[in-house]
Amino acid sequence: MIPYGHQSIDQKDIAAVKPVLSSDWLTQGPKIGEFEKNLARWCGAKYAVAVSSGTAALHLAYLAAGLKPGDEVITTPNTFVATTNMLLAVGAKPVFCDIRPDTYNIDETKIEKLITKKTKAIVPVHFAGQPCAMTEINRIAKKHKLLVIEDACHALGAKHKNKKVGSLSAMTVFSFHPVKSITTGEGGAIVTNNKNYYQKMILLRSHGLYKDQQGRNVMTELGYNYRLTDIQAALGLSQLKKLNQFLVKRHRVAEWYKKALGDLGQIILPRQLFGDYSSWHLYVILTKQPAWRDKLKKYLWQKGVAVNFHYPAVYSQPYYQKIGFKNLKLKNTERYQNSCLTLPCYPGLTKNQVQFIAKLIKDFFQSYAPLEVSRRKNIINIFSSRS
Ligand SMILES: *Cc1c(COP(=O)(O)O)cnc(C)c1O
């Protein structure tokens with residue numbers, strides 16, 4: 001099977017991890033600080049806090065922001081459940097904003113209508129690696145005195161108007177899960193320019209304990225064990241060196257798809273907005289008819305291509321239905337979640353594999369839904385393009 005995403009680990013990564021295993025430090029040791037320094041520098045931010053997962057990073061960012069029961073946070077339904085699960089974990093209420101029809105990111109023009117007295121923050125998610133409209137989102141946040149915390153788990157390496165993701169808001173969260181831009185096995189981080197947030201997250205990462213001048217362990221905050229290990233940080237350091245190369249390869253995959261599928265009338269290809277640089281975490285196509293999507297998915301799986309869905313709207317998950325989102329249906333999100341399909345996209349994917357996948361998609365439509373038939377049925381593009 002060709003998976004939708006896959007890590008890229010080579011001999012250099014393995015060589016970087018090996019010496020740590022026979023060193024004095026297995027868990028948090030010197031590699032953590034080194035990894036944090038390099039990650040912060042890479043993003044153009046002052047501080048980074050490395051933690052055990054992207055989910056842990058979201059939890060700590062929300063805690064550092066002071067989010068608490070009763071607070072409302074405006075975010076997107078087109079994300080991995082962890083974005084809003086961690087809001088629930090701190091007692092805050094996610095308020096779902098519809099998505100843009102062109103990038104499938106939060107629609108910044110619909111945010112202001114959702115702001116109430118209880119709103120404390122906006123959590124944009126850079127879906128698939130295409131940055132959200134951060135200039136506008138930051139403007140809205142400033143006007144209404146809201147905090148912006150970016151879920152950039154898809155977007156390490158992305159740029160918005162030539163500025164790196166990680167330097168655009170109060171706190172930015174990354175994940176180093178194997179399918180993400182770089183991996184540490186499990187892992188995550190928060191980058192920030194704010195010293196208070198930084199110090200708070202360092203404390204909360206390790207039980208809320210610190211050593212006082214007499215060397216005693218003193219606990220002043222309710223913390224967790226969200227530490228990354230030195231073994232993982234060594235892998236992260238080695239991976240970070242290759243991030244640029246990984247990004248170039250992902251862009252090449254996107255170009256190959258565009259060339260092979262660009263004139264196929266039954267689908268809509270993903271795009272990178274002018275002036276932005278996507279990290280191409282995911283390559284998501286839409287079928288112009290929702291009914292085609294599941295059939296195409298089944299066909300590709302039968303042929304050995306493990307396509308995926310990103311994402312069913314978070315509010316449509318049974319748990320969210322149960323806790324009060326039963327009647328929520330956002331127009332663009334509904335259309336999107338019924339026609340999206342994630343094609344394989346990762347640095348190690350070859351041109352031959354992309355051409356193989358593209359050929360399967362063309363063959364499928366040739367026999368199942370030729371364009372002439374679709375035209376006769378007066379099928380139109382369900383998404384009007386905006387840019
Ligand atoms: C991967 C991901 C997370 C969670 O990261 P983990 O490291 O798997 O905990 C959160 N949000 C988004 C958008 C993600 O893609």
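The protein chain has the name UDP-4-amino-4, 6-dideoxy-N-acetyl-beta-L-altrosamine transaminase in an unreviewed UniProt entry.

Inspection of the entire model under this criterion finds 16 salt bridges. Measuring nitrogen to oxygen at the nearest pair gives 3.6 Å for the salt bridge that ties Lys110 to Asp107. Among the residues examined, Asp107 registers a relative accessible area of 3% and is labelled buried. Of the charged contacts in the structure, one is a salt bridge between Arg293 and Asp294, with a shortest N-O distance of 2.8 Å. Judged by relative accessible area, which is 44%, Asp294 ranks as partly exposed.

Moving on to the site of the ligand. Taken together, the neighbourhood of the ligand is formed by 16 residues, with Gly54, Thr55, Asp151, Ser175 and Lys180 sitting nearest. At 2.9 Å, a side-chain N or O of His154 approaches an oxygen atom of the ligand. Side-chain polar atom of Ser175 to an oxygen atom of the ligand: 2.7 Å apart, as the coordinates give it. When the ligand sits alone it has 380 Å² of accessible area, and the protein chains cover 93% of it. Placement of the ligand is best described as lying within the largest pocket. With 3 residues, helix H3 (residues 54-64) is the largest single contributor of residues to the shell around the ligand. Residues that form the shell around the ligand fall into these classes: 6 nonpolar, 8 polar and 2 charged.

Let us now look at the packing of aromatic side chains. We describe a pair of aromatic rings using the distance from one ring centre to the other and the angle between the two ring planes. Within the structure shown, the criterion is met by 19 aromatic pairs. Ring centres 5.9 Å apart and planes at 65 degrees place the aromatic pair Phe96 and Tyr315 in the edge-to-face group. Residue Phe96 is located in strand E3 (residues 93-96), and its partner Tyr315 is located in the loop between helix H9 (290-302) and helix H10 (318-325); the two are separated by 219 residues in the primary sequence. Exposure remark for Phe96: the relative accessible area of 5% places this residue in the buried category. The exposure class assigned to Tyr315 is buried, which follows from its relative accessible area of 1%.

Attention now moves to the packing of helix H8 (residues 243-261) against helix H12 (residues 351-368). Pairs of packed helices are described in terms of their axes, by the angle between the two and the distance that separates them. Two elements in contact, H8 and H12, have axes separated by 10 Å at closest approach and are oriented at 35 degrees. The handedness of the crossing between H8 and H12 comes out as right-handed. From H8, Val253, Trp256, Tyr257, Ala260 and Leu261 reach across to H12, where they touch Lys351, Val354, Ile357, Ala358, Ile361 and Lys362. Partitioned by chemical class, the residues of the contact of H8 with H12 number 9 nonpolar, no polar and 2 charged.

Here we come to the environment of Ser278. Looking at the secondary structure, you find Ser278 in the loop between strand E13 (276-277) and strand E14 (283-287). Put simply, Ser278 and Ile190 are 88 residues apart on the chain and 20 Å apart in space, counted from C-alpha to C-alpha. Here Ser278 is in contact with Ala128, Gly129, Gln130, Pro131, Ala158, His251 and Gln272, once residues within four sequence places are set aside. Engagement of the side chain of Ser278 in a polar contact is seen with the backbone oxygen of Gly129, the distance being 3.4 Å.

A word on the layout of surface pockets. Reported here for the largest pocket is a volume of approximately 330 Å³. Every residue lining the largest pocket is counted, 23 residues in all, and those nearest its centre are Phe80, Ser175, His177, Lys180 and Tyr311. Those elements that place two or more of their residues in the lining of the largest pocket are H3 and helix H4 (82-89). When residues in the lining of the largest pocket are grouped by element, the largest group, 3 residues, is from H3. A breakdown of the residues in the lining of the largest pocket according to their chemical character gives 9 nonpolar, 11 polar and 3 charged.

What follows is about the domain arrangement of the protein chain. When its domains are assigned, the protein chain resolves into domain 1 (11-243) and domain 2 (244-386). The distance between the C-alpha centroids of domain 1 and domain 2 comes to 27 Å. The interface of domain 1 with domain 2 comprises 44 residues on the first partner and 39 residues on the second. Carbon and sulfur atoms make up 57% of the area that domain 1 and domain 2 hide from each other, which totals about 3,500 Å².

Of all hydrophobic cores here, the largest spans 41 residues; its most connected members are Phe35 and Leu39. Those elements giving two or more residues to this core turn out to be helix H2 (30-43), strand E1 (47-51), helix H5 (134-143), strand E9 (188-192), helix H7 (230-240) and H8. Counting residues per element, this core draws most heavily on H2, at 6 residues. Those residues in contact with Leu39, other than ones at most four positions away along the chain, are Ala48, Leu156, Phe176, Ala189, Val191 and Leu240. Among the nonpolar cores identified, the runner-up in size contains 32 residues, and Leu269, Trp280, Ile361 and Phe364 belong to it.

Before going further, it helps to spend a moment on empty space enclosed by the protein. Within this structure, the stated rule accounts for 2 cavities of 30 Å³ or more. As a volume, the largest cavity reaches approximately 90 Å³. In terms of lining, the largest cavity is formed by Asp102, Thr103, Tyr104, Phe127, Ala128, Gln130, Pro270, Arg271, Ser278, Trp280 and Val284. Residues that form the lining of the largest cavity fall into these classes: 6 nonpolar, 3 polar and 2 charged. When we break the lining of the largest cavity down by domain, the ones giving at least three residues each are domain 1 (11-243) and domain 2 (244-386). Taken as a whole, the second largest cavity encloses approximately 50 Å³ of empty space.

What counts, and at which threshold
Residues numbered from 1 in each chain as written. Predicted model: local features only at pLDDT ≥ 70, side-chain atom pairs only at ≥ 80, totals over all residues. Heavy atoms only, no water. Salt bridge = Lys/Arg side-chain N within 4 Å of Asp/Glu carboxyl O. Buried < 20%, exposed > 50% of the residue type's maximum accessible area, 1.4 Å probe, protein only. Near = heavy atom within 4 Å. Polar contact = N/O pair within 3.5 Å; in protein donor to acceptor, adjacent residues only side chain to side chain. Areas by Shrake-Rupley, 256 points an atom, 1.4 Å probe, with all protein chains shown as cover. 1 Å grid on protein atoms, 1.4 Å probe; cavity = no way out; pocket = protein on both sides within 12 Å on 5 of 7 lines; lining within 4 Å. Sits in = over half its atoms within 2 Å of the grid points. Helix = DSSP H or I, 4+ residues; strand = E, 2+ residues; numbered from the N terminus. Nonpolar A, V, L, I, M, F, W, Y, C, P; charged D, E, K, R; others polar. Phe/Tyr/Trp six-rings, centres within 6.5 Å; stacked < 30°, edge-to-face > 60°. Axes fitted to C-alpha atoms, helices over the stretch in contact; angles between N-to-C directions. Left-handed = near helix turned anticlockwise from the far one by under 90°. Contact = heavy atoms within 4.5 Å. Points joined across faces, edges and corners; volume = space filled by probe spheres on them. Domains from an automatic or database assignment. Buried area = accessible area lost by both parts, 1.4 Å probe. Core = buried A, V, L, I, M, F, W, Y, C linked by side-chain atoms within 4.5 Å.

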